[in-house]
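Working through the structure, step by step
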Amino acid sequence: MNPAHLAELHGNMNLEICKKCKAKYLRDFDTDSDRSNHLTGRRCDKLECRGQLKDSIINFGEDLPEDELNKAFDHADKADVCLVLGSSLTVTPAADIPRRVAKRKKKLIIGNLQRTPLYNRATLNIHAFSDTIMQGLMERLNIPIPPWILRRRVLVTCQNDSDKHKSTITIEGRDPDNSEIPFTLFKSIQMAIGDRAKEDLTREPFVFEVSNKNVHSITVRLNFFGHYNEIPFDLYYVNVKNIPTEEQFYLFYNPLKGEWRKTNDETDLPV
Ligand SMILES: [Zn+2]
């Protein structure tokens, strides 16, 4: 789901924000710094900034982000139905969001194993697991539940320096919903020229230099963090001249099938 449609009240474990210029960085790992100042130890990629990066997690006892909270209350003021899943509804201000919907005499449906403090205000209380509730709901709406697909966006750039007779190949991950936001996706990237391993990089930036005189094929193996047991994906180029100056594409992974699909169409999801 596009994060623009979400109000993430307690932040996002995968998102770091630059303290200075507010640039966002997504990481395919837990950015929680374990420190009270939220600094992760990493810095902004922008050379003119280099500000300290902070995790975006809001711990209990800390103030919730005002804009996200306002977004949530705006929806509470408009909603005809509010479905609460898996919340004890004991912590405010988040618990005040469904309370406001009930106050407006709109439908409040609470799905939680235990009884919540808003029990009496709810139109319906369902004491079941969230999965069971959602499966039943989708069945009644007659909407099939689509298989879950991992979405990734990759940017490959190739700069040709004819004076030095070499090409510089850079591989970056990007937020699939916003190409401006860098996304740390790769645990490591290996390059092989012909059948010989050339280089194995284990941290960003993933930048490789290849001589323009090279006539052999180039294979770039992308290794992921593997939270969904993703297998590596190989990019194959006939030779260095065959690498486009800039190519942005999507990689979609079906964890049930264990298959990647490379496409330039963001709607071309595999089933
Ligand atoms: Zn910055």
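Counting of residues starts from 1 at the beginning of each chain's written sequence and follows it residue by residue. With the structure being a predicted model, the display of local features is reserved for residues of pLDDT at least 70 and the display and counting of side-chain atom pairs for 80 or more, all residues being used for whole-chain, interface and lining totals. Excluding hydrogens and water, the side-chain values take into account all heavy atoms of the structure.

Overview of unusual backbone geometry
The amide bond that connects Thr-92 to the next residue, Pro-93, takes the cis arrangement and shows omega of 10 degrees. The secondary structure listing takes helices from DSSP runs of H or I that are at least 4 residues long and strands from runs of E that are at least 2 residues long, numbered from the N terminus. Structurally, Pro-93 can be placed in the loop between β5 (81-85) and α2 (96-103). With an omega of 0 degrees, the peptide bond between Glu-204 and Pro-205 qualifies as cis. A positive phi angle, close to 65 degrees, is found at Lys-22, a residue other than glycine. You will see that Leu-89, though not glycine, has its phi angle at about 55 degrees, which is positive. Note that Leu-89 resides in the loop between β5 and α2.

Concerning the coordination of the zinc ion
Each metal's donors comprise the N, O and S atoms found within 2.8 Å of it (within 3.2 Å for Na, K or Ca). Water is not part of the atom list, so some coordination spheres may appear incomplete. At this site the zinc ion is bound by Cys-18 (SG), Cys-21 (SG), Cys-44 (SG) and Cys-49 (SG), with donor distances of 2.3 to 2.4 Å. If you look at the zinc ion, its four donor atoms make angles of 100 to 113 degrees with each other, and the shape they trace is tetrahedral. Between consecutive donors of the zinc ion, the numbers of intervening residues give the motif C-x2-C-x22-C-x4-C. Highlighted residues: Cys-18 in strand β1 (residues 15-18) and Cys-49 in the loop between β3 (39-43) and β4 (52-55), separated in sequence by 31 residues. Site shape is set this way: if four donors have all angles between 85 and 135 degrees, tetrahedral; if opposite donors are over 155 degrees apart and all others between 65 and 115, square planar for four donors and octahedral for six; otherwise irregular.

Quick look at the pairing of strand β11 (residues 186-193)
When β11 meets strand β14 (residues 218-224), the two strands line up antiparallel, connected through seven bridges. Its bridge partner being in β14, Gln-190 is matched across the sheet by Arg-221. Strands were regarded as paired on the criterion that DSSP finds at least two bridges between them. Pairing between β11 and strand β12 (residues 196-201): five bridges, direction antiparallel. Of the residues in β12, the one forming a bridge with Ile-193 is Arg-196.

Quick notes on the sheet that holds β5
With parallel pairing, the three strands of this open sheet are ordered in space as β5-β6-β7. Edge positions in the sheet fall to β5 and β7 (124-126), since each has one partner strand and no second. Within this sheet the neighbouring strands show an average axis-to-axis angle of 10 degrees, counted without direction. Summarising the sheet, strand β6 (residues 107-111) and β7 pair through three bridges and their orientation is parallel. Of the residues in β7, the one forming a bridge with Gly-111 is Ile-126. Whether two residues are in contact is decided by their heavy atoms, any of which lying within 4.5 Å being enough. Here an axis means a line fitted to C-alpha atoms, over the contact stretch when the element is a helix, while the angle between two N-to-C directions is reported on a 0 to 180 degree scale. Seen against the sheet, helix α3 (residues 130-141) touches β5, β6 and β7 and runs at an angle of roughly 145 degrees to β5.

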